[in-house]
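In case you want the letters, here they are:
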Amino acid sequence: MTGVLVIEDDDRIRLSLALALEDEGYTVRTAASAEEGLEAQRTAPADTVLVDLMLPGMDGFDCVREMRRHDDVPIVVVSARDDTHDIVAALEAGADDYLVKPVAVKELSARLRALRRRGRAVSAAASTLAFGDLEIRPEAGEVRVQGEPVALTRTEFRLLCELAEHPGLVLSRQQLLQRVWEYEIGDERLVDVHIGRLRQKIERDTRTPQRLVTVRGMGYKLQR
């Protein structure tokens, strides 16, 4: 059974999400504030975390940032706020996905299953994939730049591996959504924001990326 932590201040929504996810076979714990949720995750880590943005005290953005400092657990923001700025800001804070309320439980469950599969071992033809001083070791779950380890979230790691397994090949945002997020239809902003986060970690200058390149009108490629 997969453990899910729901951080939601609205009592009715928190209870309904917990009951619905339990019906889907998940083990659910809940928290009514970011502070309570962070403590719960520190003491007994869940496999996946759902976070609302409009929380009392520390808001959802800061909750995601704080959790991401110490944990690569898959994080899904579930919020009534559907403004593009909020969605991008949540993803940039470190969320893996974003769903707008009201949420269909079947869709949420499918997203959670995809997130869990994404965290499993990544297969590759070679044990080490080298792109200059960037080294990717898929089986070990390691990435190094100039010999120094780079901390990536599970989604960032899976995205980088997908590009590395097809060096020099342009992959469209839709292809990456299907292969990394396992979504037949999804928000392409997920890809763009995660590419931006990856560049911050593997590029010397994010303004002129040399490894993770945008091909205008087509998509992205990782080049040697």
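Quick notes on the rules
- Per chain, the residues get numbers from 1 upward, laid out in the order the sequence is written.
- In view of the model being predicted, local features appear only for residues whose pLDDT reaches at least 70, and side-chain atom pairs are presented and counted only at 80 or more, with totals across whole chains, interfaces and linings using the full set of residues.
- Only heavy atoms go into the side-chain values, all of them from the structure, while hydrogens and water stay out.
- Secondary structure is summarised from DSSP: a helix means a run of H or I of at least four residues, a strand means a run of E of at least two, and numbering begins at the N terminus for each.
- C-alpha atoms define the radius of gyration, and 2.2 Å times the number of residues to the power 0.38 defines the globule rule.
- When accessible area is computed with a 1.4 Å probe and restricted to protein chains, residues below 20% of their type maximum are described as buried, those above 50% as exposed, and intermediate ones as partly exposed.
- Contacts are assigned to residue pairs that have any heavy atoms within 4.5 Å of one another.
- In this description, accessible areas are obtained by the Shrake-Rupley approach with a 1.4 Å probe, and a residue is regarded as covered only by the protein chains that are shown.
- A positive count includes Lys and Arg, and a negative count includes Asp and Glu. His and the chain ends are not counted in either.
- Where a charge lies is defined by one atom per residue type, namely NZ (Lys), CZ (Arg), CG (Asp) and CD (Glu).
- Here, a salt bridge means any side-chain nitrogen of Lys or Arg that lies within 4 Å of a carboxyl oxygen of Asp or Glu.

A. Just the overall build of the chain, in detail. Scanning the chain for helices and strands turns up 8 helices and 11 strands. For 224 residues, the compact-globule estimate of 2.2 N^0.38 gives 17 Å, and the C-alpha radius of gyration of the chain, at 18 Å, lies within 12% of that figure. Considering only C-alpha atoms, the chain reaches an extent of 50 × 35 × 30 Å along its principal axes. Counting over 224 residues, the chain shows a buried share of 46%. Within the chain, contacts between residues separated by at least 24 positions form 57% of all contacts whose residues are at least 6 apart in sequence. When the accessible surface of the chain is totalled, it reaches about 10800 Å², and 48% of it is carbon and sulfur. Side-chain charges in the chain split into 32 positive and 39 negative, and the spacing between the mean points of these groups amounts to 5 Å.

B. Just the pattern of salt bridges, in detail. Per the stated rule, a full pass over the model turns up 23 salt bridges. The residue Arg137 makes a salt bridge to Glu135 at a minimum N-O spacing of 3.2 Å. Here the residues in one salt-bridge network are Glu8, Asp52 and Lys101, joined through shared partners.

These figures capture arrangement, not role.
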